[in-house]
Amino acid sequence: MSNNISNQQMLDTMQGYIERVKEIIPTLYDHTPLACINTYGCQQNVSDSERIKGILEAMGYALTDDYREADFVLFNTCAVRGHAEDRVFGNIGRTKQLKKDKGGVLVAVCGCMAQQEIICDKVKKSYPYVDMLFGTHHIQNIPEYIYRRLTGSGRIFDISTDFNEVVEGLPIHRDGKIKGWLPIMHGCDNFCTYCIVPYVRGREKSRKPDDVLAEAKSMIDAGFKEIMLLGQNVNSYGKGLDEEINFAELLRRINAIEGDFRIRFMTSHPKDCTVELLEAVRDCEKVERHLHLPFQSGSDRILKAMNRRYDSEGYLNLIKKAKELIPGVTFTSDIIVGFPGETYDDFKETLRVVKEVGFQALFTFIYSPRNGTPAANMDDPVSREEKGVWFSELLAVQEEISKKNYEAYVGTTHRVLCEESVGEGRLSGKTSASVDIEFEGDESLIGRFLEVRVDKFTNLLEGTIV
Ligand code: SAH
Ligand code: SF4
Ligand code: F3S
């Protein structure tokens, strides 16, 4: 598909295939065909899967969580670390028996892992029961792939990247009713040296502000209470759009939509986190008081090798500024332990930053070499075992910090969005600083904003509705 095909033409083509699949389904199945969508990786993938589910429903499929009863099994995969890939192959393997046991089953693999040529070749050769594999730019082609495969085509492999536009107007089946994902951009241009995402997701592309606002409004009209704005680096939103707009301005516009709802966003790259953005967070009452600001490493030497384009001092200044401007703000972060060439002294710098900031929580990873990234070719003399020891040390340090942070909440009262039941008459929700609290209450309160006082910290915060 070439770039000069308009969005509308593409939707029309998709609709044409949706109609054709709908026509042949009754000739192939004596029941409503069921689709099982398995999603790995980040919220971007979760959000893509919601669109995939929408498309499948439009063709007449119903959804199931049990792959054993499915007629269409899809794996929307993640490539960010080796561990994620291993899990997927194990699960794909289980569909072999399913296809033996019953006819008419289609197996599909898509997402970030599928986008890599080496994976595409592996599936082609070693997983003959996979019917179709397609990359991250082809969700809108699913009806065509299914139609072709159901009408006798050979196996389908499509990881072409010549089409890299944001597709608007796809059907969507949202998983939740209270919290919803809203992608504001796709792809990434940062090329951190360890990271596969720019290779599998393509160049950064922002959605038009009007499209984002329209989707936000439709979610609020549908009763959603929390909108999570998604992008690999939301802080660089707006680059390349006709209209001049940045992320701070987008936040202000979404904040201005009428209604009682909350806005969250991730991920923020520290290098693009401006004072203007911090001021927007301060000024917009619907935007949560929480920043997910991955710093990856506290060692300037390692940050440079990672191509992160900030240093530890710049990061700590940013945190200081945010604390000054946004009272009560909390921080979370991502950290990689054991980047190639990292020494224990470098790692101690990471610990220093962790202690100085006082994060609410951390997402910590041991470095995983990714084929095709620059870091995969760097010398990596430290053993996995030693990295594991450093990793445990980091967890222990953070556990103490989290505990102190949580204990400081005891006795305070917060506006909490009640998200779910955790069983036994107990509910759980989040404060505007993204802190979880559990409390007693009736399930009818789910989806409401409540005032909750924190009574104690056990291994979680427990409170009472006031
Ligand atoms: N765009 C986001 C991160 C997306 S990936 C950002 O820049 O902050 C989520 C996290 O996975 C990263 O922040 C990083 O900590 C981790 N990660 C990415 N590649 C990795 C690798 N090769 N090995 C280990 N962790 C990795
Ligand atoms: Fe990966 Fe860096 Fe892009 Fe995040 S900003 S997705 S870590 S390349
Ligand atoms: Fe994984 Fe792709 Fe997200 S690699 S982390 S699913 S963008």
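Quick caveat, the model's predicted, so the values are computed rather than measured.

*Asks:* Just checking my understanding: could you explain the site of ligand 1 for this structure?
*Replies:* With respect to spatial proximity, 15 residues lie near ligand 1, and among them R81, Q232, Q296, D334 and S368 are the closest. Residue Y194 places a main-chain N or O atom 3.0 Å away from a nitrogen atom belonging to ligand 1. Within the side chain of D334, one N or O atom sits 2.6 Å away from an oxygen atom of ligand 1. For ligand 1, the protein covers 91% of the area, taking 550 Å² as the surface of the free molecule. Those elements giving two or more residues to the shell around ligand 1 turn out to be β13 (330-337) and β14 (361-366). Tallied by class, the residues present in the shell around ligand 1 amount to seven nonpolar, four polar and four charged.

*Asks:* Help me understand the site of ligand 2 in this model?
*Replies:* In the vicinity of ligand 2, the contacting residues are C188, N190, F191, C192, Y194, C195, V197, P198, Q232, H269 and R308. Considered class by class, the residues forming the shell around ligand 2 number seven nonpolar, three polar and one charged.

*Asks:* What is the right way to look at the pattern of salt bridges in this model?
*Replies:* Going through the model one piece at a time under the given rule, you end up with 34 salt bridges. Two residues, D131 and K99, come together in a salt bridge whose shortest N-O distance is 2.5 Å. Of this pair, D131 sits in the loop between α5 (117-126) and β5 (132-134) while K99 is found in helix α4 (residues 95-101), placing the two residues 32 residues apart along the sequence. Residue R352 is joined to E349 by a salt bridge in which the shortest nitrogen-to-oxygen separation is 3.1 Å. Placement of both R352 and E349 in helix α13 (residues 344-357) is noted, with a separation of three residues, approximately one turn of the helix. The class of R352 is partly exposed, set by a relative accessible area of 33%. Residue E349 is classed as partly exposed on the basis of its relative accessible area, which comes to 30%. What emerges from the salt-bridge pattern is a single network uniting E50, R51, E168, R174, R207 and E215.

*Asks:* Can you help me understand the packing of aromatic side chains in this one?
*Replies:* Any pair of aromatic rings gets described here by the distance separating the centres and the angle formed by the planes. Taken as a whole, this structure holds 16 aromatic pairs when the rule is applied. Measuring from centroid to centroid gives 5.7 Å for F295 and F359, while their planes differ by 10 degrees, and the two rings are stacked. Taken together, the positions of F295 in the loop between β12 (290-292) and α11 (300-306) and F359 in the loop between α13 and β14 put the pair 64 residues apart, joining distant regions of the chain. Accessibility assignment for this pair places F295 and F359 in one class, buried. Ring geometry for F347 and W390: centres 5.6 Å apart, planes at 20 degrees, overall stacked. Here F347 is found in helix α13, whereas its partner W390 is found in helix α14 (residues 384-407), with 43 residues between them in sequence.

*Asks:* Sorry, what's going on with the pairing of β13 here?
*Replies:* A regular strand places its side chains so that they alternate between the two faces of the sheet. Taken across its eight residues, β13 has eight buried, putting it largely inside the fold. Inspection of the sheet shows β12 paired to β13 by three bridges, in the parallel sense. Within the sheet, the bridge partner assigned to H292 lies in β13 and is T332. One ladder, built from six bridges, connects β13 with β14; its direction is parallel. Directly across from T332, in β14, lies its bridge partner A361. In the classification by handedness, the crossover that spans β13, the intervening α13 and the parallel β14 is right-handed.

Cut-offs applied
- Residues numbered from 1 in each chain as written.
- Chains lettered and ligands numbered in written order.
- Predicted model: local features only at pLDDT ≥ 70, side-chain atom pairs only at ≥ 80, totals over all residues.
- Heavy atoms only, no water.
- Near = heavy atom within 4 Å.
- Polar contact = N/O pair within 3.5 Å; in protein donor to acceptor, adjacent residues only side chain to side chain.
- Areas by Shrake-Rupley, 256 points an atom, 1.4 Å probe, with all protein chains shown as cover.
- Helix = DSSP H or I, 4+ residues; strand = E, 2+ residues; numbered from the N terminus.
- Nonpolar A, V, L, I, M, F, W, Y, C, P; charged D, E, K, R; others polar.
- Salt bridge = Lys/Arg side-chain N within 4 Å of Asp/Glu carboxyl O.
- Buried < 20%, exposed > 50% of the residue type's maximum accessible area, 1.4 Å probe, protein only.
- Phe/Tyr/Trp six-rings, centres within 6.5 Å; stacked < 30°, edge-to-face > 60°.
- Pairing = 2+ DSSP bridges.
- Right-handed = clockwise from strand over helix to strand, strands pointing away.

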